[in-house]
Amino acid sequence: MTLRDLARPLLVLLLLAAIGAGLLRVVEIRTDMADFLPPARTTEAAFLLSELREGAASTLLLAGMEGAPEEDLARLSRAVGEALRASGRFAFVGNGAESLSEEEQAFLFRYRYLLSPAVAPGLFETPALRAKLEALLDGLRSAASPVLARLGFADPVGAFISLLQGWLGSSRVELRSGAWFAGGEGPPRALLIARSRAAATDVEAQRVAAETLRDAFAAANPGPARLLLSGPGVFAAEAAASVRADVERVSILSGVLLIGFLLWRYRSPAMLLLAAVPLLAATLAGAVAVWLAFGRVQGAALGFGATMLGVVVDYPILLLTARRPDETPGEAARRIWPTLRLAAGAAALGLTAMVASGFPGLAQLGLFGAAGLLVGGAVTRWVLPSLVPRAAAPARRLPHGLSAALAWIAGRRLAAGLIVAAAAGWLAFAGPPAWEDDVARLSPVPEAPRRLDAELRAQLGAPDTRHLIALRGATEDEVLRAAERVAGSLGPLLSDGRLTGLDLPSRYLPSAATQAARAAALPPADTLRARLSEAAAGLPFRPTAFDPFLTAVEESRTLPPLTAAGLGEAPLLAARLSPLLSRRGEAWSGLGVLSGVGDLQAVRDAVAGLRDPGILFVDVKGETEGMIAATTRGALLWCGVGALGVVVLLTLGLGRGGLGAGLWAIAPIAGAVLVTLAALSALGERLTPFHLAALLLMAGVGMDYALFLGRPEQGEEADRTRAAVLTCAVATLLTFGLLALCETPVLRGIGLTVSLGVAAAFGLALALSSRSRAT
């Protein structure tokens, strides 16, 4: 092997790499995982997908800081909050650092009578005022005296205290040392909540937001304190990191094993370079096809598509291994081309299910793979022969025992039939693998971080989205009015325990009409003064003690309604409202979060009874399961269409045999699918759309085996073909099979499915081939 022999394929690879580098400069690579969300088939599903893409609740970061004294944690919280606000990456940061300022207290106190649900006409009647004054007097004699001395005379009816209690709801936030802390027993834990400006499905932007928070914590000299971080964006970033770590680990291991295996088979580094030429060309072709069709390339589709195109490595292996001793590479390419083009065309056609799936991401993946397979086959036929050195040694012969074993298996059609019958019998007895409809089980995020997320949500009162109320309106106030209608409709369910919790944006910001009604319920100054004087008769209060109260009520009667835009001075209120009310383009969207739904049908009926198209009840789990089920049915339908197309293509391509030849060629693939499904069922695996993609990949690989082993060959030529196909199978198992060792459920499922399927496809294709003797 000369340097020139290495130079030619190396130069071609460098040229392809340069083209790829130039392509990356002009092609938009998206990291938005919204491309892999299923299409919405109901109004509820459309809302759910919108929330996943743009919802404020999906962009929350929840942080806890613990492991240090309370004063140090408060300092850390303030420093981190300031750094996050200064970064410009967050639409909102709440940590209580501003909650105790005089400005905020004055702001909220000023609007208390418009915001508090306690305000009603009866609250300012003489009997009610008398009861409040007596309670105030009792409180001044108790341990609560400092608080009442500060607030009681300006707000003897307790509207402000009632307002704060309503906002805190089920959360356990306490204000200490100028920061939010988790209430209850145990070591102190400072709390912080932030909302990223980035889209929820932009994994890279969410990762940067999480890293910004971690960097701010590290820069604040935390000492022994530790940071606890959670939220959808953190989960997405950790999931991506987990997948990336798995892929990198498996890629290194499989790469080393594959290179070692191919060097053993071909005894030449040049052969490795030759095998890489069609693969790189196929990858570039797939990227260009997707770019031309979609105007951009999904990053995940690029990564998984390049992995799927590992099938293309089969083509140079078949050329280099099946070449006869007296053949030139060009002659060998011409001889195998009819079978190779049929295999590539059938595998590309089998990807119809992905192209027509309705998922933009999967459609890109299908087009990427189909274009790559066709170009990879073409490069193997017309480019690769000119790069193969004339003096290239043939592939190493298989050990005699292995070659004899392969020859012995060939033609054992009864054994193949028995294996397939056993698989079919198992599926009939035990049933096929169940479809996985719980998205949480597919998550690579371990259980412990999910428990932490639930804990931080409970402490901060952040929304936990299991059952939702979707609120839509042209204006902010229209959404708030709809929220108030929902509160009225679901109120009886809260009273009788069929619903234990309800969080709505109107809980924190009433509609303009409600605020106006509360202002109208406030009596004029003279009337209130007379009632207050009568109520205070006989009580030891100075005549002027409640002048601040009278002034505040009179001012509240003419205050303009408070809106979301006016909450810059109220971070506590903004923190509660931010995930539940947001602007979407020219319209507004609201979110109601339900907890403890004991009677799901009653909730549905109550919401439906409002007869408002802008109010929608969403069962997140039910809608998710419905989307997955509908998408799976559609994908299975298109798989059937793709399989039918493959049969037609094989029938036309195989010539004389007609339909029978086409069905016989596809028989090993169909049998391998049955065997794989039976094995997955026996192992207790639950199927996902990713298993379906893996089955399509296996079918594409198995098509090579079935077509090449199905050719009528004898003697050494049959030996070479079997050796070539075995080399392809081993290469595929080394490339994809190791994915079965990954910790990520999706990758493990793909690896397990491909490993089982490839082994079954090779064995069945060999057993159904013509019998011949090893030589």
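Up top you'll find the structure we're talking about.
Residues numbered from 1 in each chain as written. Predicted model: local features only at pLDDT ≥ 70, side-chain atom pairs only at ≥ 80, totals over all residues. Heavy atoms only, no water.

(A) Broad picture of the overall build of the protein chain. What the protein chain contains, in helices and strands, is 31 helices and 13 strands. Counting only residues that meet the buried cut, the protein chain has 52% of its 775 residues in that class. A separation threshold of at least 6 residues defines the contact pool for the protein chain, and within that pool the share at least 24 residues apart is 81%. On the protein chain, roughly 33000 Å² of surface is accessible, and the fraction owed to carbon and sulfur atoms is 62%. (Helix = DSSP H or I, 4+ residues; strand = E, 2+ residues; numbered from the N terminus. Buried < 20%, exposed > 50% of the residue type's maximum accessible area, 1.4 Å probe, protein only. Contact = heavy atoms within 4.5 Å. Areas by Shrake-Rupley, 256 points an atom, 1.4 Å probe, with all protein chains shown as cover.)

(B) Representation of the packing of helix H29 (residues 689-709) against helix H30 (residues 715-736) within the structure. For the pair H29 and H30, the least separation of the axes is 9 Å and the interaxial angle reads 170°. With respect to H30, the axis of H29 lies roughly antiparallel. Here Leu697, Val701, Tyr705, Phe708 and Leu709 of H29 lie close against H30, whose contacting residues are Thr721, Arg722, Val725, Cys728, Ala729, Thr732 and Phe736. (Axes fitted to C-alpha atoms, helices over the stretch in contact; angles between N-to-C directions. Parallel < 35°, antiparallel > 145°, perpendicular 65-115°, else oblique.)

(C) Fine view of the environment of Ser769. Tracing the sequence through the fold places Ser769 in the segment after helix H31 (745-767). A polar side-chain atom of Ser769 sits 2.5 Å from the main-chain carbonyl oxygen of Leu766. (Polar contact = N/O pair within 3.5 Å; in protein donor to acceptor, adjacent residues only side chain to side chain.)

(D) Seen up close, the pattern of salt bridges. This structure, assessed with the given rule, holds 23 salt bridges. The closest approach of N and O atoms between Glu327 and Arg335, which form a salt bridge, is 2.7 Å. Classification of Glu327 as buried rests on a relative accessible area of 11%. Here Asp496 ties to Arg498 by a salt bridge, and the two come within 2.8 Å at their closest N and O atoms. On the accessibility criterion, Asp496 (43% relative accessible area) is partly exposed. Three or more residues are tied together by salt bridges with common partners; here these are Arg324, Glu327, Arg335 and Glu717. (Salt bridge = Lys/Arg side-chain N within 4 Å of Asp/Glu carboxyl O.)

(E) A look at the pairing of strand E4 (residues 173-176). Taken together, the four bridges between E4 and strand E5 (residues 179-182) define a ladder with antiparallel strand orientation. By the bridge assignment, Glu174 is partnered in E5 with Phe181. (Pairing = 2+ DSSP bridges.)

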